[in-house]
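Descriptive structure summary
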Amino acid sequence: MDFGSRSLRSLDRNDGGKIDPILARRAADAVPSIPRDAEGPIFREPWEAQAFAMALALHARGLFTWPEWADVLAQEIKRAHAAGDPDTGETYYLHWLNALERIVAAKGAADAQTLARYRHAWARAAERTAHGTPIVLEPEDLTD
Amino acid sequence: MAQHDHDEHGSELSETQLRVRALETVLTEKGYIDPAALDLIIQAYETKIGPHTGARVVAKAWHDPAFKRALLDDGSKAVRALGHESRVGDHLVAVENTPARHNIVVCTLCSCYPWDVLGLPPVWYKSAPYRSRAVKDPRGVLADFGVKLPASTEIRVWDSTAETRFLVLPMRPSGTEGWSEERLAQLVTRDAMIGTGLPKPPEEVA
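Residues numbered from 1 in each chain as written. Chains lettered and ligands numbered in written order. Predicted model: local features only at pLDDT ≥ 70, side-chain atom pairs only at ≥ 80, totals over all residues. Heavy atoms only, no water.

What follows is about the overall build of chain A. Per the secondary structure count, chain A includes six helices and zero strands. Along the chain direction, N to C, the helices and strands of chain A fall in the order α-α-α-α-α-α. Within chain A, contacts between residues at least 6 apart in sequence are counted, and of these 46% link residues at least 24 apart. (Helix = DSSP H or I, 4+ residues; strand = E, 2+ residues; numbered from the N terminus. Contact = heavy atoms within 4.5 Å.)

Listed below in structure tokens is the structure:
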């Protein structure tokens, strides 16, 4: 694709009525048709809702500002796009989660090492929990 | 307990679920978040906050000229006056559609969106094709959504940021004279407030 968000950004946002028709045609040809959806479910999986709510709660607590958040999220989306993510919106909350992990580390709220330790602990907790039973983290899951 | 054997398999969480649980546990233990508050946020966005909030705002603007002026003058203030708490704390700007100009909203960098009045953004709003094409070829995008405007109608694209988000105030459909706000609100779709759609025709709402 020969245009990125950087070049789009530089367009005058009030210039909507005066778009170069050749550029417009090229852009339209370069991207597949836009995915549509009904006004359907808001979150496709519970973890998406959890990740969304965590960002709101952390912002409300003053851990970061919305411009800071938008900046990190935009970087994650751009990076995923560059790495071949189709970026159709389906993977949006994965970018959101990446941004969340990065911003909590950058703000000193939770470092990558601690998060990795708790991921292993949750995996261990899941493994010892009978299927269909709520998974609960126990102190022993955190021991090495 | 005929299923006893199955229990030995234990449970499984996907890598993504593990990451989310780890974040939530660590941040809770450190006192950054409260799981009960997270549930309230999710509940609010799943039930209370959605396009119907924005639809009420639009219907009121159609119905009440003074409110319309206030909304176009300062969107955040007007919406707050209706009792909607702004969680995002940003500046909401309402942009009015007229026969001469149609407005369409995009966020080219990520997906800034007026959550407080529209709920969460639809999948296509977050997609790269929409983000790039809405700016380069808004008329083509509108055609994809089944919206055809007269060639004389200018299309203005508004690029949202974390600080400023936009709500399109669509044109009130003709044939709705004397309608109540509640009835008018039923005509207002989410897409009409993003600018990728038009209000429903009055005959669709009995």
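Having put the structure on the table, let's press on.
Looking now at the overall build of chain B. Helices and strands together make up the secondary structure of chain B, namely 11 helices and four strands. Projected onto its principal axes, the C-alpha positions of chain B cover 70 × 40 × 35 Å. Classification of the 206 residues of chain B by burial places 58% in the buried group. Within the structure as shown, chain B displays about 9,100 Å² of accessible surface, and the carbon and sulfur contribution to it stands at 51%. Taking the average location of the 24 positive side-chain charges in chain B and that of its 28 negative ones, the two points are 9 Å from each other. (Buried < 20%, exposed > 50% of the residue type's maximum accessible area, 1.4 Å probe, protein only. Areas by Shrake-Rupley, 256 points an atom, 1.4 Å probe, with all protein chains shown as cover. Lys, Arg positive; Asp, Glu negative; His and termini not counted. Charge placed at Lys NZ, Arg CZ, Asp CG, Glu CD.)

On to the domain arrangement of chain B, then. Each assigned domain of chain B is listed here: domain 1 (13-46) and domain 2 (51-204). Centre-to-centre, using C-alpha coordinates, domain 1 of chain B lies 31 Å away from domain 2 of chain B. (Domains from an automatic or database assignment.)

On to the environment of Trp66 of chain A, then. Residue and element names in this part refer to chain A. Note that Trp66 resides in helix H4 (residues 66-82). We classify Trp66 as buried; its relative accessible area is 6%. Put simply, Trp66 and Ala110 are 44 residues apart on the chain and 19 Å apart in space, counted from C-alpha to C-alpha.

With that settled, consider the interface of chain A and chain B. The accessible area lost on association of the parts is a frequent measure of interface size. Taken together, the contact between chain A and chain B spans 74 residues of the former and 70 residues of the latter. Buried surface at the junction of chain A and chain B, both sides included, amounts to about 6,900 Å², of which 67% is carbon and sulfur. Counting every contact that joins chain A to chain B gives two salt bridges. Run the count over chain A and chain B and you get eight residue pairs in polar contact (both at pLDDT 80 or more). Secondary structure elements with two or more residues in the side of chain A that touches chain B: helix H1 (5-9), helix H2 (21-30), helix H3 (46-60), H4, helix H5 (92-106) and helix H6 (112-128) of chain A. The biggest single contributor to the side of chain A that touches chain B is H3 of chain A, with 10 residues. (Buried area = accessible area lost by both parts, 1.4 Å probe. Salt bridge = Lys/Arg side-chain N within 4 Å of Asp/Glu carboxyl O. Polar contact = N/O pair within 3.5 Å; in protein donor to acceptor, adjacent residues only side chain to side chain.)

It is worth spelling out H6 of chain A at this point. A rise of 1.5 Å per residue sets the reference length of H6 of chain A, with its 17 residues, at 24 Å; its end C-alpha atoms lie 25 Å apart and thus fit the reference within 8%. Considered for burial, the residues of H6 of chain A that qualify are Thr114, Leu115, Tyr118, Ala121, Trp122, Ala125 and Ala126 of chain A. Within H6 of chain A, the buried residues cover an arc of 140° as seen down the axis, which keeps them to one side. Facing away from the buried surface of H6 of chain A by more than 90 degrees, the exposed residues are Ala112, Gln113, His120 and Glu127 of chain A. Residues of H6 of chain A that are buried in the fold lie against H5 of chain A together with helix H2 (15-29) of chain B. For H6 of chain A, the N-terminal capping position is held by Asp111 of chain A, with its side-chain oxygen 3.0 Å away from the main-chain nitrogen of Gln113 of chain A. (Expected span 1.5 Å × (residues − 1). Arc of directions from axis to C-beta.)

So, about H5 of chain A. Its 15 residues place the ends of H5 of chain A 21 Å apart at the C-alpha level, agreeing with the 21 Å of an ideal helix rising 1.5 Å per residue. All of the buried residues along H5 of chain A are Tyr92, Tyr93, His95, Trp96, Leu97, Ala99, Leu100, Glu101, Ile103 and Val104 of chain A. Residues of H5 of chain A that are buried sit in contact with H3, H4 and H6 of chain A together with H2 and helix H7 (115-118) of chain B. The first or second residue beyond H5 of chain A is Gly108 of chain A, which carries a positive phi of 75°.

What follows covers the packing of aromatic side chains. Applying the stated criterion to the full structure yields 17 aromatic pairs over all chains. Relative to Trp96 of chain A, the ring of Phe52 of chain A has its centre 5.6 Å away and its plane inclined at 35°; by these criteria the two rings are tilted. Highlighted residues: Phe52 of chain A in helix H3 and Trp96 of chain A in helix H5, separated in sequence by 44 residues. Each of the two residues, Phe52 of chain A as well as Trp96 of chain A, counts as buried. An angle of 90° between the planes, with centres 5.4 Å apart, marks the rings of Trp66 of chain A and Trp115 of chain B as edge-to-face. Here the residue Trp66 of chain A occupies a position in helix H4, and Trp115 of chain B occupies one in helix H7, the pair thus bridging two chains. Per residue, the accessibility class of Trp66 of chain A equals that of Trp115 of chain B, and both read buried. (Phe/Tyr/Trp six-rings, centres within 6.5 Å; stacked < 30°, edge-to-face > 60°.)

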